[in-house]
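# Tertiary structure, described
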Amino acid sequence: MVASLLHPLNIFIVGLGGGFLIPILNRLGPVWARGAFLLALTAMTAISGVAMFHFLNGASAIEVLTGGAEPPVAINLRLGLAESVFTLGVNLIALLGAVYFVRAKYSVLLLYLILVMGIQGMVMTRDLFNLFVFLEIVSIGTYGLLSLRDTPEALSASFKFILATVLASSFFLLGTALVYYTT
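Now for a description of the structure that goes with this document. All residue numbers here refer to positions counted from 1 along the written sequence of the relevant chain. Only residues with pLDDT of at least 70 are given local features in this predicted model, and only at 80 or more are side-chain atom pairs given and counted; all residues enter the totals for whole chains, interfaces and linings. Here the side-chain values reflect all heavy atoms present in the structure, with hydrogen atoms and water set aside.

### A few points about the environment of Ile93
Each helix is a run of H or I in the DSSP string that is no shorter than four residues. Each strand is a run of E no shorter than two, and both are numbered from the N terminus. Along the chain, the position of Ile93 falls in helix H4 (residues 81–101). For the pair formed by Ile93 and Val116, sequence separation is 23 residues and the distance between their alpha carbons is 9.6 Å.

Structure, rendered in structure tokens:
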């Protein structure tokens, strides 16, 4: 039972579940939304930390194939020693950043949680197309965080960032399509 709770796929379930719960819990009060935010970040950190501990003790890497198919049709994730080190690092830095964000509005908490989940997906994915998908998830979280202020400077910066990342992600997607076509 505990091993299934610490499965790497639960990082994404906790991230998306927390993202859906934060606006609902905010109706009960901001304290509930902040608690869900910190609980989700702590759970993602615990999953990565326990996985790294198991891999340091000689456990084999965990391969996750979703959708009941083989790659490239299915989402292929892998959590091994190297991935768990990076996901734990991402989560620890996210927890440090949460100290700054915890007093913010619930929309900031939601976007930050989605951003952290997307970064972890970028670390664990095993194919280029899903790397593109997680890159877009990170971009959406970043767009939202940049555009939360209503100042002209913030809106100008977020618009420039959107243009730059749309161009970059278009080239990345085109390159991924060409690599898949040639192989």
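Read on for the rest.
### Some words on helix H6 (residues 128–146)
A helix is expected to reach a length of 1.5 Å times the quantity of its residues less one. In a regular helix each residue adds 1.5 Å, so 19 residues correspond to 27 Å; H6 covers 26 Å between its end C-alpha atoms and thus fits that length. Definition of a polar contact: a pair of N or O atoms within 3.5 Å, with one able to donate and the other able to accept a hydrogen when the atoms are protein atoms, and with sequence-neighbouring residues admitted only if both atoms are side-chain atoms. Where H6 begins, one side-chain oxygen reaches toward the backbone nitrogen of Phe129, 3.4 Å away; that side chain belongs to Asp127.

### As for the nonpolar core
If you look at the biggest cluster of nonpolar residues, it comprises 28 residues, and the most contacted ones within it are Ile22, Phe37, Leu41, Tyr112, Leu113 and Val116. At the level of secondary structure, the elements contributing two or more residues to this core comprise helix H2 (9–26), helix H3 (30–56), strand E2 (76–79), H4 and helix H5 (106–124). The dominant element in this core, judged by the number of residues it contributes, is H3, at 9 residues. The contact criterion used throughout is that any non-hydrogen atoms of two residues lie within 4.5 Å. Not counting residues up to four positions away in its chain, the partners in contact with Phe37 are Ile22, Ala98, Leu109, Tyr112 and Leu113. Here, nonpolar core refers to any group of buried Ala, Val, Leu, Ile, Met, Phe, Trp, Tyr and Cys residues whose side-chain atoms link them within 4.5 Å. Relative accessible area decides the class of each residue, using a 1.4 Å probe on protein chains only: under 20% of the type maximum gives buried, over 50% gives exposed, and in between gives partly exposed.

### Quick notes on a nonpolar patch on the surface
A contiguous nonpolar patch, built from Leu128, Phe129, Val133, Leu173, Val179 and Tyr180 and spanning about 440 Å² of accessible area, is present on the exposed surface. Those elements giving two or more residues to the nonpolar patch turn out to be H6 and helix H7 (152–182). Its location among the elements puts Leu173 in helix H7. To count toward a patch, a residue needs a relative accessible area over 30% and no salt bridge; like charges are then connected within 9 Å, while nonpolar side chains (Val, Leu, Ile, Met, Phe, Trp, Tyr) are connected within 5 Å. Where accessible areas are quoted, they stem from the Shrake-Rupley method and a 1.4 Å probe; at the residue level, only the protein chains shown are allowed to cover. For this analysis, a salt bridge means a side-chain nitrogen from Lys or Arg found within 4 Å of a carboxyl oxygen belonging to Asp or Glu.

### Examining the packing of H4 against H5
The N-to-C vectors of H4 and H5 enclose an angle of 165°; their axes lie 9 Å apart at closest approach. With respect to H5, the axis of H4 lies roughly antiparallel. The hand of the H4/H5 crossing is right-handed. Along its contact with H4, which presents Glu83, Phe86, Thr87, Val90, Asn91, Ile93, Ala94, Gly97, Ala98 and Phe101, the element H5 presents Val108, Leu109, Tyr112, Val116, Ile119, Gln120, Val123 and Met124. All axes here are fitted lines through C-alpha atoms, helices being fitted over the stretch that makes contact, and every angle between N-to-C directions spans 0 to 180 degrees. Note on terminology: angles under 35 degrees are roughly parallel, angles over 145 are roughly antiparallel, angles of 65 to 115 are roughly perpendicular, and the others are oblique. Here is the rule for handedness: rotate from the far helix to the near one, and if that takes an anticlockwise turn smaller than a right angle the crossing is left-handed, while a clockwise turn gives right-handed.

### Some details on the pattern of salt bridges
Between side chains of opposite charge, a pair can form when the charged atoms approach closely. Considering all chains together, one arrives at 3 salt bridges under this definition. We note a salt bridge from Glu63 to Arg78, for which the minimum N-O separation is 3.1 Å. You can see Glu63 sitting in strand E1 (residues 62–65) and its partner Arg78 sitting in strand E2, a full 15 residues away along the chain. Classification of Glu63 as partly exposed rests on a relative accessible area of 48%.

Everything listed here is a matter of geometry and, on its own, says nothing about what the molecule does.
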